[in-house]
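# Examining the three-dimensional arrangement
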Amino acid sequence: MLEDEASQKKKLEEEIILLQTQLSQLTFEADRHLDGGSSGNAFTSGLDSFSHLRHSPMRNVGNGQTSLVTHLHERVGLQKILSLLESEDANVRIHAVKVVANLAAEEANQERIVEAGGLNSLLMLLGSMEDETVRRVAAGAIANLAMNEANQELIMAQGGIGLLAITAADAEDPQTLRMVAGAIANLCGNEKLQIRLRSDGGIRALLQMVRCRHPDVLSQVARGIANFAKCESRSSTHGTKAGRSFLIEDGALPWIVQNSNHEASLIRRHTELALCHLAQHEVNAKDMISGGALWELVRISRDCSREDIRALARRSLTSSPTFQHELRRLRIEL
């Protein structure tokens, strides 16, 4: 009986590795097609891209990659795939976590993976593995799971922020930071988690990752800060949040101001939105003026390429007595 179980597990491990080889070939073919012969687009295709932007599930390389993973999932079952996350064979373990990350990119699989114990296993990998590749892929899988609101609460409840922060602190590869920042950014979009996320060090973790100046990392950090600012603004409007912004208290304002006119459009858009959301609440106005944010808000209200953001900046400026007083003092007209 034990021999049969061992044989089945060995067969499954071999199947996972074969699947990974097939997926890698699909990735190469897709990259060559997309890039006119180059296989260099690691951010938009392939098993390591893990689309952790809420609006962009991983479908970049067509249906071939998805169908292979789905075929394995349907044939051997999710539980068996998850069991390989604990394999003693490092090669098997990394292939298994990549398959789980790809499954997690599909909305239909996200709750199933958590219900089957996948989240526990992924968090365990973050906390117990020294191999940065395993931790990077596990963070990408968690980022995908964090697109689901119910999963977000479970990630927080199981200490996910602390484990993600440790992973970021240990990371040497910018893509590990990108995965971690993407996971935290998704969590920042849940209004109910704001206080817990801040107390667990989520904002500090995002700010520490800006030491890496890679634009893919910075865009995820900026997205997380914009998500947090939007939710915090909503809480303030509803009366469930009082006092200065947690972002201001945790020292995020200088970075937001510094990057609100960044050359990269995604970073610029997210930081512009963050400033506008912060500016909607009078309690933040004095800190924003002393931090140089007023000038950026004026610029955004005039020059931002998006009309909705220009309007939001203008509305924030005109509705604040403190901003209005400072604008008159400086003789600035909107």
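Scoring rules and cut-offs
- Residues numbered from 1 in each chain as written.
- Predicted model: local features only at pLDDT ≥ 70, side-chain atom pairs only at ≥ 80, totals over all residues.
- Heavy atoms only, no water.
- Helix = DSSP H or I, 4+ residues; strand = E, 2+ residues; numbered from the N terminus.
- Polar contact = N/O pair within 3.5 Å; in protein donor to acceptor, adjacent residues only side chain to side chain.
- Contact = heavy atoms within 4.5 Å.
- Salt bridge = Lys/Arg side-chain N within 4 Å of Asp/Glu carboxyl O.
- 1 Å grid on protein atoms, 1.4 Å probe; cavity = no way out; pocket = protein on both sides within 12 Å on 5 of 7 lines; lining within 4 Å.
- Points joined across faces, edges and corners; volume = space filled by probe spheres on them.
- Nonpolar A, V, L, I, M, F, W, Y, C, P; charged D, E, K, R; others polar.
- Axes fitted to C-alpha atoms, helices over the stretch in contact; angles between N-to-C directions.
- Parallel < 35°, antiparallel > 145°, perpendicular 65-115°, else oblique.
- Phe/Tyr/Trp six-rings, centres within 6.5 Å; stacked < 30°, edge-to-face > 60°.
- Lys NZ or Arg CZ within 6 Å of the ring centre and 35° of its normal.
- Core = buried A, V, L, I, M, F, W, Y, C linked by side-chain atoms within 4.5 Å.
- Buried < 20%, exposed > 50% of the residue type's maximum accessible area, 1.4 Å probe, protein only.

## Side note on the side chain of Asn148
Structurally, Asn148 can be placed in the loop between α7 (132–145) and α8 (149–157). Within the structure, Asn148 has its side chain in polar contact with the backbone nitrogen of Ala150 (distance 2.9 Å). Leaving out residues up to four positions away in the same chain, Asn148 has contacts with Gln110 and Glu111.

## A closer look at the pattern of salt bridges
Tallied over the entire structure, the rule returns 13 salt bridges. In this structure, Arg329 and Glu326 form a salt bridge, with 2.7 Å as the shortest nitrogen-oxygen distance. Taken together, the residues span about one helical turn, with Arg329 and Glu326 both in helix α20 (residues 321–330) at a distance of 3 residues. Connected through salt bridges with shared partners, the residues Glu149, Glu153 and Lys192 form a single ionic network.

## Quick word on empty space enclosed by the protein
On inspection of all chains with the given rule, the structure shows 2 cavities of 30 Å³ or more. Lining the largest cavity are 13 residues, with Glu232, Ser236, Ser245, His281 and Asn284 positioned closest to its centre. Sorting the residues of the lining of the largest cavity by element identifies α13 (215–238) and α16 (265–279) as the ones contributing at least two each. In terms of residue count, the dominant contributor to the lining of the largest cavity is α13 (4 residues). For the lining of the largest cavity, the residue count by class is 3 nonpolar, 7 polar and 3 charged.

## Things to note about unusual backbone geometry
Despite not being glycine, Arg331 has its phi angle at roughly 60°, a positive value. Turning to its location among the elements, Arg331 is positioned in the segment after α20.

## Let's talk about the packing of helix α4 (residues 90–104) against helix α5 (residues 107–115)
Interhelical geometry of α4 versus α5 gives an angle of 130° and a closest axis separation of 7 Å. Between α4 and α5, the angle falls in the class oblique. For the pair α4 and α5, the contacting residues are Val100, Leu103 and Ala104 in the first and Asn109, Gln110 and Ile113 in the second. For the contact of α4 with α5, the residue count by class is 4 nonpolar, 2 polar and no charged.

## Some words on the packing of aromatic side chains
Overall, the coordinates contain 0 aromatic pairs when judged by the stated rule. In this structure, Lys241 packs its charged tip against the face of Phe246, placed 4.5 Å from the ring centre.

## With respect to the nonpolar core
Membership of the largest hydrophobic core comes to 92 residues, with the highest contact counts inside it found for Leu122, Ile184, Met209, Val221, Ile225, Leu275 and Met288. Ranked by the residues each element gives to this core, the list is headed by α4, at 9 residues. Apart from the residues within four sequence positions on either side, Met288 is in contact with Ile248, Leu253, Leu275, Leu278, Ala279, Ala293, Leu294, Leu297 and Phe323.

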